[in-house]
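# Coordinate analysis (summary)
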Amino acid sequence: MQLHNREISLGMMIQDVTGKELLAINVFTESIRFLKDHFLEMFTDKKLGFTINDVFFVITVPAIWSDAAKQFMRVASEKAGIKSSQMMLAYEPEAAALFCSLLPEDQGIAKYFQERRRLMIVDLGGGTADITVVKVIKREEKLTYIEHVYRVTGGAWGGNQVNKNFEKFLELVFGNDVMDEFKRDYLSQYLEMMRDFEVQKKTLSTSGTKTGVGIRFGGDLRHIFKSKRGKDIKDELQDKLQGKVRITGDKLRFDLAIFKRFFQDCVKEIVNHINESFLKRGCAWPSAMILVGGFSDAPVIREAIVDAFPVIRDVVSPVATSLAVLKGSVIFGHEPAIVTGRVCRETLGLTLRRPYVPEGQTEKKTFKIDGQLQADKSFQKMFSINEIIKLGQTRTVAIQDLHTNKELRKNPKIIEVYASQDEDPKYITDAGCSLRGKITVNPPNGKWPENAEGFIDMETGGTEIIVRYRDKHSGQITEETIDFM
Ligand SMILES: Nc1ncnc2c1ncn2[C@@H]1O[C@H](COP(=O)(O)OP(=O)(O)OP(=O)(O)O)[C@@H](O)[C@H]1O
Ligand SMILES: [Mg+2]
């Protein structure tokens, strides 16, 4: 979630609950390292005779993450001791869908995965909610091939938002200064309170006779409030909330209706977003809506979705929704080709220096290199937004450079990758175009020939973009990476 919708860099900082700043890459690296080491310990204990070299790792990410966020995860995994060649990224909703498609018939969900059927996968996690519409391409006994119908969309409306709303509530009622002191001096009590909130959130039922929810809170919150405001929090709650939230024993007691409000903005955003998704090309009337991710276990969310879309008769989930992603990604790691096509989320292109062509190009888009007039800033489109790209499908662009200056021949070629939400941008300076990353191509054998010629191949059908440079003169083919950070 910390990696969604923000500028990503290796120097980026994130905050812990007390507001202390930490390097994000270290937090991610150590989390992955912990999981990896724990896993290795488990199978070393079982004496299965494997080493880390026998393991291929699949790191799952929300499907709406940017290329930079995905690169960040790859770097963190490498720093955690997983070789780049021994890992891949998997999109969480795809993994969940693959898992569902292979469930035993008596679990009911696999029956929706019939050839040519379209299914909407709604992945409601902790940080993000992603919506993916897939079509079943082929069904085999042990494998189901799927393809995206529309680009993945979504936003930051996962279950953590509910916890954040609770925190905001505490700050509003007791004051930031009180909460800051409580977190600073009684962190374990604060964490205990948040853990209890998490338990209550997860067990909240919409049926039954329960009229309220109690959250255990730390006694020292009461003391801090009293010393700062000269008032008991019991009276403060009575004054501010007229008994809808009150203290009983060691608990903060919420009327059910008030507690449900913590879910309100998520429910609204998720329902709105599903609604909008139905209007997108090929997304109306899916055969079923499959809810996955831990947050979809919340009855409040599930009921809101069912109520909002009575036309979708089948709103279903596998048992243990959050494990669906984990298990599905193991399947995906073995057979990544089962997702046969994905839809571009943005138009991607390169900028290259090419010989000047006067038509339609203005003076200011040209410049001189080695005495030759060049056209620059043109957007060399490789993939269009909303285009379905099949796995393995490659786009190629020829590149050519004249180097009369011998010194410049040793320099790598930097090719910039630009993105736009427009289908057909002409120049990288057009409104809405932005720099996404850079490809660095080193000269074959250390030096470019006077007339350097070659091809850039780009493949975007997988979970990560693959780039190759094919040099025309030396015949050398090199795998290149796009640096998105
Ligand atoms: N029964 C439940 N009721 C309400 N919320 C739940 C329930 N079970 C899990 N959650 C919430 O689901 C979220 C975790 O879901 P999940 O494990 O799918 O997330 P994730 O995949 O780690 O996150 P993301 O997909 O955003 O990266 C947490 O916010 C958790 O509180
Ligand atoms: Mg998830």
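The rules behind the values
- Along each chain, residue indices are assigned from 1 in the same order as the chain's sequence is written.
- Starting at A for chains and at 1 for ligands, labels are handed out in the order in which the entities are written.
- Two thresholds apply to this predicted model, a pLDDT of at least 70 for residue-level local features and 80 or more for giving and counting side-chain atom pairs, whereas whole-chain, interface and lining totals are computed over all residues.
- UniProt positions are given in the numbering used here, feature names are shortened, and annotations may be inferred rather than shown by experiment.
- Only DSSP runs of H or I covering at least 4 residues are called helices, and only runs of E covering at least 2 are called strands; the numbering of each starts at the N terminus.
- Every C-beta atom is placed from the backbone, and the number of other C-beta atoms within 10 Å of a residue's own sets its class: buried at 20 or more, exposed at 12 or fewer, partly exposed in between.
- Remark: residues whose backbone-derived C-beta atoms lie within 7 Å of one another are considered to be in contact.
- Proximity of a residue to a molecule or strand is defined by its backbone-placed C-beta atom lying within 6 Å of that partner.
- Directions pointing from the helix axis toward each C-beta atom define the arc.
- Definition of nonpolar core: a set of buried Ala, Val, Leu, Ile, Met, Phe, Trp, Tyr and Cys residues joined via C-beta atoms within 7 Å.
- In this description, a line fitted to the C-alpha atoms serves as the axis of each element, helices being fitted only across the stretch in contact, and the angle between N-to-C directions of two axes falls anywhere from 0 to 180 degrees.
- Reported orientations rely on four angle classes, namely roughly parallel under 35 degrees, roughly antiparallel over 145, roughly perpendicular from 65 to 115, and oblique for the rest.
- Note on residue classes: Ala, Val, Leu, Ile, Met, Phe, Trp, Tyr, Cys and Pro are nonpolar, Asp, Glu, Lys and Arg are charged, and everything else, Gly too, is polar.
- For any helix crossing, the convention is left-handed if the near helix is rotated counterclockwise from the far helix by under a right angle, and right-handed if that rotation is clockwise.
- In this description, strands pair whenever DSSP reports at least two bridges between them.
- The domain limits used here are those given by an automatic or database domain assignment.

With an unreviewed UniProt entry as reference, the chain is termed HSPA12A, source organism Mytilus coruscus. In UniProt, the chain has this text filed under Sequence similarities (unreviewed entry): "Belongs to the heat shock protein 70 family."

## Considering the overall build of the chain
Scanning the chain from N- to C-terminus turns up 11 helices and 27 strands. Here the C-alpha coordinates of the chain stretch approximately 85 × 55 × 55 Å along the principal axes. Burial statistics for the chain: of 485 residues in total, 32% are counted as buried. Intrachain contacts of the chain at a sequence separation of at least 6 include 72% that bridge at least 24 residues.

## Let's talk about the site of ligand 1
Around ligand 1, the structure places 20 residues, and the nearest of them are Gly125, Gly127, Gly159, Gly294 and Ala298. Those elements giving two or more residues to the shell around ligand 1 turn out to be helix H6 (187-203) and helix H11 (321-334). With three residues, H6 is the largest single contributor of residues to the shell around ligand 1.

## Quick notes on helix H7 (residues 219-229)
Every buried residue belonging to H7 is among Leu221, Ile224 and Phe225, and all of these are buried. Seen along its axis, H7 keeps its buried residues to an arc of 100°; they face one direction. With respect to the buried face of H7, the exposed residues turned more than 90 degrees away are Gly219 and Ser227. The inward-facing, buried residues of H7 abut helix H4 (160-174), helix H5 (176-185) and helix H8 (233-241). After H7 finishes, the residue Gly230 shows a positive phi value of roughly 65°.

## Points about the nonpolar core
Ala95, Ala96, Ala97, Leu119, Ile121, Ile290 and Ile301 are the most contacted members of the largest nonpolar core, which totals 83 residues. At six residues, helix H3 (residues 92-101) tops the list of elements feeding residues into this core. Those residues in contact with Leu119 that sit more than four places away from it in its chain are Ala97, Tyr112, Val134, Pro286, Ser287, Ala288 and Ile290.

## Points about the packing of H3 against H11
At a minimum axis distance of 7 Å, the contact between H3 and H11 shows a crossing angle of 85°. On the basis of the axis angle, H3 is roughly perpendicular to H11. Facing H3, whose interface residues are Glu92, Glu94, Ala95, Ala96, Leu98, Phe99 and Cys100, H11 presents Ala324, Val325, Lys327, Gly328, Ser329, Ile331 and Phe332. The class makeup of the residues in the contact of H3 with H11 is nine nonpolar, two polar and three charged.

## Structural notes on the packing of H4 against H6
With their axes 11 Å apart at the nearest point, H4 and H6 run at an angle of 130° to one another. As far as their axial angle goes, H6 and H4 are oblique. Crossing of H4 over H6 shows right-handed handedness. Residues Val162, Asn163 and Phe166 of H4 form the contact with H6, whose participating residues are Met194, Phe197, Glu198 and Lys201. Among the residues making up the contact of H4 with H6, the classes are represented as four nonpolar, one polar and two charged.

## As for the sheet that holds strand S9 (residues 212-216)
Read across the sheet, three strands follow the order S9-S11-S10 without closing on themselves; strand pairing throughout is antiparallel. Of all strands in the sheet, those bounded by a partner on one side alone are S9 and strand S10 (245-248). This sheet shows a mean twist of 30° between the axes of neighbouring strands, independent of strand direction. Here four bridges tie S10 to strand S11 (residues 251-255), and the two strands are oriented antiparallel to one another. From the neighbouring strand, Val245 faces S11, where its bridge partner is Phe254. Taken strand by strand, helix H9 (residues 256-278) contacts S9, S10 and S11, and its axis lies near 90° from that of S11.

## Regarding unusual backbone geometry
Its identity is not glycine, yet Gln242 carries a phi of approximately 45°, on the positive side. Mapped onto the elements, Gln242 comes out in the loop between H8 and S10. The exposure class assigned to Gln242 is exposed, which follows from the 9 C-beta atoms found within 10 Å. Of note in this structure, Trp285 is not a glycine but carries a positive phi near 50°. The class of Trp285 is exposed, set by 10 C-beta atoms lying within 10 Å.

## What about the sheet that holds strand S26 (residues 477-480)?
As a general point, the strands of a sheet are linked pairwise by backbone hydrogen bonds and lie either parallel or antiparallel. Read from one edge to the other, the open sheet built from four strands follows the order S21-S24-S25-S26, with strand pairing classed as antiparallel. Strands with a single pairing partner mark the edges of an open sheet, and in this sheet they are strand S21 (394-402) and S26. Each strand of the sheet is rotated relative to its neighbour by a mean of 25°, with strand direction disregarded. Note: strand S25 (residues 466-471) against S26, four bridges, orientation antiparallel. Paired with Val467 across the two strands is Glu480, which belongs to S26.

## Some thoughts on the domain arrangement of the chain
When cut into domains, the chain gives domain 1 (160-262) and domain 2 (347-483). The gap between the C-alpha centroids of domain 1 and domain 2 is 56 Å.

## Some points on the pairing of strand S24 (residues 451-459)
Of the two faces of S24, the one holding Ala452, Gly454, Ile456 and Met458 is buried and the one holding Asn451, Glu453, Phe455, Asp457 and Glu459 is not buried anywhere. Here S21 pairs with S24 via nine bridges, running antiparallel. Looking at S24, one finds that Val397 is bridged to Ile456. Pairing of S24 with S25, which is carried by six bridges, proceeds in the antiparallel orientation. Pairing of Ile456 across the sheet is with Tyr469, part of S25. In this structure, the hairpin formed by S24 and S25 is closed by a connection of six residues.

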